[in-house]
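Single-letter residue listing:
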Amino acid sequence: DTEVTQTPKHLVMGMTNKKSLKCEQHMGHRAMYWYKQKAKKPPELMFVYSYEKLSINESVPSRFSPECPNSSLLNLHLHALQPEDSALYLCASSQGAETYGYTFGSGTRLTVV
Amino acid sequence: QQQVKQSPQSLIVQKGGISIINCAYENTAFDYFPWYQQFPGKGPALLIAIRPDVSEKKEGRFTISFNKSAKQFSLHIMDSQPGDSATYFCAASLLGNEKLTFGTGTRLTIIP
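Residues numbered from 1 in each chain as written. Chains lettered and ligands numbered in written order. Predicted model: local features only at pLDDT ≥ 70, side-chain atom pairs only at ≥ 80, totals over all residues. Heavy atoms only, no water.

A. Focus on the overall build of chain B. Regarding its fold elements, chain B presents 0 helices and 11 strands. Relative to the compact-globule value of 13 Å for 112 residues, chain B shows a C-alpha radius of gyration of 13 Å, a close match. Principal-axis analysis of the C-alpha atoms places the extent of chain B at approximately 40 × 30 × 20 Å. By the burial criterion, 46% of the 112 residues in chain B qualify as buried. Pairs at least 24 residues apart make up 53% of the contacts formed inside chain B by residues separated by at least 6 positions. When the 11 basic and 8 acidic side-chain charges of chain B are each reduced to a single mean position, those positions are 5 Å apart. (Helix = DSSP H or I, 4+ residues; strand = E, 2+ residues; numbered from the N terminus. Rg over C-alpha atoms; globule rule 2.2 N^0.38 Å. Buried < 20%, exposed > 50% of the residue type's maximum accessible area, 1.4 Å probe, protein only. Contact = heavy atoms within 4.5 Å. Lys, Arg positive; Asp, Glu negative; His and termini not counted. Charge placed at Lys NZ, Arg CZ, Asp CG, Glu CD.)

B. Broad picture of the state of the cysteines. Overall, the coordinates contain 2 disulfides over all chains when judged by the stated rule. Disulfide pairing places C23(A) opposite C91(A) at an S-S distance of 1.9 Å. Handedness of the C23(A)-C91(A) disulfide follows from its S-S torsion of about -70°: it is left-handed. Taken together, the residues span a long stretch of sequence, with C23(A) in strand β3 (residues 18-25) and C91(A) in strand β9 (residues 87-94) at a distance of 68 residues. The exposure classification of C23(A) matches that of C91(A), with both residues buried. Residue C23(B) pairs covalently with C90(B) via a disulfide, S to S 1.9 Å. Sign of the S-S torsion, about -95° for the bond between C23(B) and C90(B), identifies this disulfide as left-handed. (Disulfide = S-S within 2.5 Å.)

C. Quick peek at the sheet that holds strand β7 (residues 62-67) of chain B. Residue and element names in this part refer to chain B. An order of β1-β3-β8-β7-β6 is seen for the 5 strands of this open sheet, with the pairing classed as antiparallel. If you trace the sheet from one side to the other, it starts and ends with β1 (4-7) and β6 (56-59), each paired once. Between one strand and the next, the sheet's axes are offset by a mean angle of 15°, whatever the strand orientation. Of the strand pairs in this sheet, strand β3 (residues 19-25) and strand β8 (residues 72-77) are connected by 6 bridges, and their pairing is antiparallel. For N22, the partnering residue across the bridge sits in β8 and is S74. (Pairing = 2+ DSSP bridges. Axes fitted to C-alpha atoms, helices over the stretch in contact; angles between N-to-C directions.)

D. Seen up close, a nonpolar patch on the surface. Residue and element names in this part refer to chain B. Nonpolar side chains collect at one region of the surface, where I18, I20 and M78 lie side by side and expose about 240 Å² of accessible area between them. Within the secondary structure, I20 sits in strand β3. Classification of I20 by relative accessible area gives partly exposed; the value is 36%. (Patch = residues over 30% accessible without salt bridge, like charges linked within 9 Å, V, L, I, M, F, W, Y side chains within 5 Å. Areas by Shrake-Rupley, 256 points an atom, 1.4 Å probe, with all protein chains shown as cover. Salt bridge = Lys/Arg side-chain N within 4 Å of Asp/Glu carboxyl O.)

E. Representation of the sheet that holds strand β7 (residues 64-70) of chain A. Residue and element names in this part refer to chain A. The antiparallel open sheet is built from 4 strands, whose spatial order is β1-β3-β8-β7. One side of each edge strand has no neighbouring strand; the edge strands of this open sheet are β1 (4-7) and β7. On average, adjacent strands in this sheet sit at an angle of 20° to one another, irrespective of strand direction.

F. Main features of the interface of chain A and chain B. The interface is formed by 24 residues belonging to chain A together with 21 residues belonging to chain B. Interface of chain A and chain B: buried area, both sides summed, is about 1,800 Å²; carbon and sulfur atoms make up 60% of it. At the boundary of chain A and chain B, one finds 1 salt bridge. With a closest N to O distance of 3.1 Å, K99(B) and E58(A) form a salt bridge. Taken together, the connections running from chain A to chain B amount to 2 residue pairs in polar contact (both at pLDDT 80 or more). If you list the elements that add at least two residues to the side of chain A that touches chain B, you get β4 (31-37), β5 (44-50), β6 (53-57), β9 and β10 (102-104) of chain A. (Buried area = accessible area lost by both parts, 1.4 Å probe. Polar contact = N/O pair within 3.5 Å; in protein donor to acceptor, adjacent residues only side chain to side chain.)

Encoded structure:
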C-alpha cells in the first residue's frame, strides 16, 4: 500500500460546527503532515507529527487542532472556522526527517459557509 | 533565505514541444530538490527529484537540470503531451529537516 487516504473528500461546514478530517497511511512512515492549499497557491505547512509527537506547529490558529492517535492515523479537528479557512487540506507522510520524499493524499476540499 | 522562486507562472506549449520550468533558491544548505505535479482536485505527486551532487537526472520524458553554482534548477518535459497539463511545483528541503519549501507553481497547458 503506497497511498495516503484522506476522508472525507468534500466537506461543507457552518462557522459554528465541529468537524474532523482524517488521514491514514500504511507505508510505515514515521512523519505525517497537514498542509493547507488555497487556489493557485503552493501548499502551506500547518503541522508535522514525527513519531506520533507534534514537532512543528506553524503558528496555526487554535480553531485547528491536530491529533495523531497512532503511527498510521492523523486527524485534524475543526471548530469555529471562518470562511477564509475554505481550502484544500492535504495530508502527507514521509519516512521521517532522516530520509527524503513525501507522499501526499488527494486532500479534503473544505468549504466554510 | 528559505524562499524558492519559480518561473514562469503559466506556460503554454504545443503538443510535442519542450516545456521548461525554472527555479532558484537561496539557502545553500538545501540538499534535496523534488518536483511535484498536481492535477485539479488532487494532491501533489512526486514527479522526479535530484540531489546537488549530480547536474542532471532523467526519468522518461522528464529531466531535472541542476546548477549548484547558480543555485538554480529546472524541469524539462520533452515531447509534451496534453496529459501533462497540470500545475508543477518545485521544492527544496534539508536532510534532517521535515519542512518542504515549495516554489510558487507553474500552470502548464499543452495545446494540440
